[in-house]
Amino acid sequence: MTMAVIGMVAGMALGFAGYFGGFGAFLLVAALGAIGFVVGRFLEGDLEPGDFFRSRERGGRRR
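Residues numbered from 1 in each chain as written. Predicted model: local features only at pLDDT ≥ 70, side-chain atom pairs only at ≥ 80, totals over all residues. Heavy atoms only, no water.

As for the overall build of the chain
Then comes step 1: Of the regular secondary structure elements, the chain holds one helix and two strands.
Then comes step 2: Helices and strands appear in the chain in the N-to-C order α-β-β.
Then comes step 3: Here the chain holds 63 residues, and 2% of them are scored as buried.
Then comes step 4: Just so you have it, the chain exposes about 5600 Å², and 67% of that area is on carbon and sulfur atoms. (Helix = DSSP H or I, 4+ residues; strand = E, 2+ residues; numbered from the N terminus. Buried < 20%, exposed > 50% of the residue type's maximum accessible area, 1.4 Å probe, protein only. Areas by Shrake-Rupley, 256 points an atom, 1.4 Å probe, with all protein chains shown as cover.)

Here is the structure:
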């Protein structure tokens, strides 16, 4: 499945949630979709839990 198809399905889901459930349902679907995306990236091995908690290093020094 291409990224365009996945984006279209996600947009349609958000559209239906917004139309039938209002803005609160729209936000709920968007938040759950984002959480599902991050969990999927963890399961695929693209992300590690430490990626969210490590500080960024610039120029060899920590901030």
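The rest of the description comes next.
Points about the environment of Leu28
Then comes step 1: Note that Leu28 resides in helix 1 (residues 3-44).
Then comes step 2: Taking C-alpha positions, Leu28 is 8.7 Å from Ala17, a pair spaced 11 residues apart along the chain.

Things to note about the packing of aromatic side chains
Aromatic ring pairs are defined here through the distance separating the ring centres and the angle between the ring planes.
Then comes step 1: With the rule as written, the count across this model stands at three aromatic pairs.
Then comes step 2: For the ring pair Tyr19 and Phe20, a centre distance of 4.9 Å and an interplane angle of 85 degrees mean the geometry is edge-to-face. Residue Tyr19 shares its accessibility class with Phe20, and that shared class is exposed.
Then comes step 3: Summarising the aromatic geometry, the rings of Phe23 and Phe26 are spaced 6.0 Å apart at their centres and angled 20 degrees between planes, so their arrangement reads as stacked. In this pair, Phe23 and Phe26 both sit in helix 1, three residues apart, roughly one turn of the helix.
Then comes step 4: Among the aromatic residues, those joined into a ring-pair cluster are Phe16, Tyr19 and Phe20. (Phe/Tyr/Trp six-rings, centres within 6.5 Å; stacked < 30°, edge-to-face > 60°.)

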